[in-house]
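Coordinate analysis (summary)
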Amino acid sequence: MPQLLHIDSSAELSNSVSRGLTRLFADTWRSLGPGNTVVERDLHRAPLPHLPDAGLHYARRLRAQGETPDPAAEALQSELIAEVVAADVVVIGAPMYNWSLPSTLKAWIDYIHVLGTTVPFDTREQPLAGTPVVLVSSRGNTYGPDGPNAGLDHTVPPLQQALGVSLGMDVSVVTAELTLAGRIPAMTPMADKAAASLSAAEESVQRLARTLGS
Ligand SMILES: Cc1cc2nc3c(=O)[nH]c(=O)nc-3n(C[C@H](O)[C@H](O)[C@H](O)COP(=O)(O)O)c2cc1C
C-alpha cells in the first residue's frame with residue numbers, strides 16, 4: 001500500500017505548471033494500482049500560519065527554559081511531521097517566487113525541519129532518511145548553468161539542503177523553465193524552448209512516478 005504525499009504551493013489555481021506536473025505525477029501513481037494511495041496537502045489553499053515560536057525548531061528536550069510553544073502549534077507540527085513520515089514518497093510543487101520558494105512552502109519546511117526530531121542532533125534519529133521526494137520547480141525564466149542567470153536559483157538548492165542533506169531524503173528534481181513565454185510578449189521567441197522544457201518535465205514526472213510507485 002504505497003502512499004504518496006502530494007504537496008502544492010502555487011498561488012496560480014487555473015494554469016499552474018507545477019500543479020499540472022504534480023497532478024500528472026499523482027495520476028500516474030494512482031494508475032499503478034488501487035493500493036497506490038494519495039494524501040493531498042495544498043499549502044496555498046490551506047496555508048499554514050508562519051512558525052509562531054522558535055521553540056518549535058527544537059525537540060522538547062532541546063528547548064531552553066521557559067520556551068513553551070502554544071500546544072495548538074505543537075499539535076499542528078506533530079500532525080505535519082506524522083503526515084510526511086507516513087508517506088512512502090513525496091512530490092512537492094515548488095514554483096520559483098522571487099528567486100526563492102513560496103512562503104507557504106517555506107512555512108511547511110519550518111514546521112517539519114526540527115532538530116532532535118526529524119534532524120539528527122543529539123541522537124541518530126532521522127525518520128525521513130531515504131524517503132524519496134520529487135521536487136517539481138516551475139520558473140518563468142531559465143536558470144541553466146551556462147546562462148546569464150546561473151546561480152540565481154534559490155528555490156531548489158535550499159530544498160535540497162533541508163530535505164536532502166539535513167533530513168536525509170532521497171531528492172529528485174524536475175524543472176519546467178521559461179513558463180512566462182506564454183504571458184510576456186518579449187519572451188514569445190522562447191515558446192519552443194518552453195514547450196520542450198515542459199514536455200521533458202512531463203516525461204520525467206511520469207517516469208519517476210512509475211519507478212517510485214511500482
Ligand atoms: C510572486 C511571483 C514571483 C515570481 N518570481 C519569479 C522569479 O524570481 N524568477 C522567475 O523566473 N519567475 C518568477 N515568477 C514566475 C513563476 O516562476 C512562473 O510563473 C511559474 O510558472 C510559477 O509556477 P506555477 O506555474 O506552478 O504557478 C514569479 C511569479 C510569481 C507569481
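The structure we're discussing is the one just above.
Residues numbered from 1 in each chain as written. Predicted model: local features only at pLDDT ≥ 70, side-chain atom pairs only at ≥ 80, totals over all residues. Heavy atoms only, no water.

**Digging into the site of the ligand**
Threshold: Any residue with a heavy atom positioned within 4 Å of a molecule or strand is treated as near that molecule or strand. Identification of polar contacts relies on pairs of N or O atoms within 3.5 Å, with a donor-acceptor requirement for protein atoms, meaning one able to donate a hydrogen and the other able to accept it, and with residues adjacent in sequence counted only if both atoms are side-chain atoms. Calculation of accessible area relied on Shrake-Rupley with a 1.4 Å probe; when residues are assessed, cover is drawn exclusively from the protein chains displayed. The pocket and cavity definitions rest on a 1 Å grid over protein atoms only: a 1.4 Å probe that fits but cannot leave marks a cavity, an open set with protein on both sides within 12 Å along at least five of seven lines marks a pocket, and residues lining either have an atom within 4 Å of a point. A molecule is counted as occupying a cavity or pocket when more than half of its atoms fall within 2 Å of that pocket's grid points. When residues are grouped by polarity, Ala, Val, Leu, Ile, Met, Phe, Trp, Tyr, Cys and Pro land in nonpolar, Asp, Glu, Lys and Arg in charged, and all others, Gly among them, in polar.
Around the ligand lies a shell of 17 residues, among which Ser 10, Ser 16, Ser 18, Ser 138 and Thr 179 are the nearest. Residue Ser 16 places a side-chain N or O atom 2.7 Å away from an oxygen atom belonging to the ligand. In the environment of the ligand, an oxygen atom lies 2.6 Å from a nitrogen or oxygen atom belonging to the side chain of Ser 18. Against a free-state accessible area of 620 Å², the protein chains account for coverage of 75% of the ligand. Given that more than half its atoms are within 2 Å of the pocket grid, the ligand belongs to the largest pocket. Of the residues assigned to the shell around the ligand, the class counts are seven nonpolar, eight polar and two charged.

**Quick look at the layout of surface pockets**
What counts, and what does not: Grid points are joined across faces, edges and corners, and a volume is the space filled by probe spheres set on the points.
Here the largest pocket defines a volume of roughly 560 Å³. Lining the largest pocket are 20 residues; nearest its centre among them are Tyr 97, Gly 140, Thr 179, Leu 180 and Arg 183.

**Quick look at the nonpolar core**
What counts here: Only buried Ala, Val, Leu, Ile, Met, Phe, Trp, Tyr and Cys residues count toward a nonpolar core, and they belong to the same one when joined by side-chain atoms within 4.5 Å. Each residue is assigned to one of three classes by its accessible area relative to the maximum for its type, calculated with a 1.4 Å probe on protein chains only: buried under 20%, partly exposed between the two thresholds, exposed over 50%. Helix and strand labels come from DSSP, where a helix needs a run of H or I of at least four residues and a strand needs a run of E of at least two; each type is numbered from the N terminus. Here, two residues are considered to be in contact whenever any of their heavy atoms come within 4.5 Å of each other.
Membership of the largest hydrophobic core comes to 29 residues, with the highest contact counts inside it found for Val 90, Ile 92, Leu 105, Trp 108, Ile 112, Leu 159 and Leu 163. Looking at this core, the elements with two or more residues in it are β1 (3-8), α2 (71-86), β3 (89-93), α3 (103-112), β4 (132-138) and α4 (156-166). Here the element with the most residues in this core is α3; it accounts for five residues. Once you skip the residues sitting within four places of it in the chain, Leu 159 turns out to touch Ala 94, Leu 101, Leu 105, Ile 109, Leu 135 and Gly 164. Formed by 15 residues, the second largest nonpolar core is a distinct cluster that contains Phe 25, Trp 29, Val 136 and Ala 176.

**A word on the environment of Glu 177**
With respect to the secondary-structure elements, Glu 177 resides in the loop between β5 (170-176) and α5 (191-213). Taking relative accessible area as the criterion, Glu 177 reaches 16% and is therefore assigned buried. Considered as a pair, Glu 177 and Ser 137 are 40 residues apart in the sequence and their alpha carbons are 8.3 Å apart. With residues near it in sequence (within four places) discarded, Glu 177 still touches Arg 139, Asn 141, Thr 142, Tyr 143, Gly 144, Ala 194 and Ser 197. Engagement of the side chain of Glu 177 in a polar contact is seen with the backbone nitrogen of Tyr 143, the distance being 2.9 Å.

**What about the packing of helix α1 (residues 17-31) against α5?**
Under the convention used in this document: Helix axes use the C-alpha atoms of the stretch in contact, all axes being lines fitted to C-alpha atoms, and the angles between their N-to-C directions lie in the range 0 to 180 degrees. Here the angle decides the label: under 35 degrees means roughly parallel, over 145 means roughly antiparallel, 65 to 115 means roughly perpendicular, and every other value means oblique. Should the near helix be turned anticlockwise from the far one by less than a right angle, the crossing is left-handed, and should it be turned clockwise, the crossing is right-handed.
Relative orientation of the contacting elements α1 and α5 amounts to 30°, with a least axis distance of 8 Å. The pairing of α1 with α5 is recorded here as roughly parallel in orientation. In terms of crossing hand, the pair formed by α1 and α5 is right-handed. Together, Val 17, Leu 21, Leu 24, Phe 25, Thr 28 and Trp 29 of α1 and Leu 198, Ala 201, Glu 202, Val 205, Gln 206, Leu 208, Ala 209, Arg 210, Leu 212 and Gly 213 of α5 make up the contact between the two elements. The residue inventory of the contact of α1 with α5, partitioned by class, reads 11 nonpolar, three polar and two charged.

**Let's talk about the environment of Leu 56**
Its place among the elements puts Leu 56 in the loop between β2 (37-42) and α2. Discounting chain neighbours no more than four positions away, the residues touching Leu 56 are Leu 51, Arg 63, Pro 69, Ala 73, Glu 74, Gln 77 and Val 114.

**Observations regarding the pairing of β2**
One face of the sheet, then the other: side chains in a regular strand alternate in exactly this way. Using the following cut-off: A pair of strands is labelled paired if DSSP reports no fewer than 2 bridges between them. The handedness rule is simple: strands pointing away from the viewer, and a clockwise path from the first strand over the helix to the second, make the crossover right-handed.
Note: β1 against β2, six bridges, orientation parallel. Its bridge partner being in β2, Asp 8 is matched across the sheet by Asp 42. Once you follow β1 into α1 and on to β2, the crossover reads as right-handed.

**A word on the pairing of β3**
Counting buried positions over the five residues of β3 gives five, a clear majority of the element. The side-chain alternation of β3 yields two buried faces, one formed by Val 89, Val 91 and Gly 93 and the other by Val 90 and Ile 92. Where β1 lies against β3, four bridges are found, and the strand directions are parallel. Residue His 6 lies in a different strand from β3, and its bridge partner there is Val 91. Here β3 pairs with β4 via four bridges, running parallel. Across the sheet, Gly 93 pairs through a bridge with Val 136, a residue of β4. Handedness of the crossover joining β3 and β4 through α3: right-handed.

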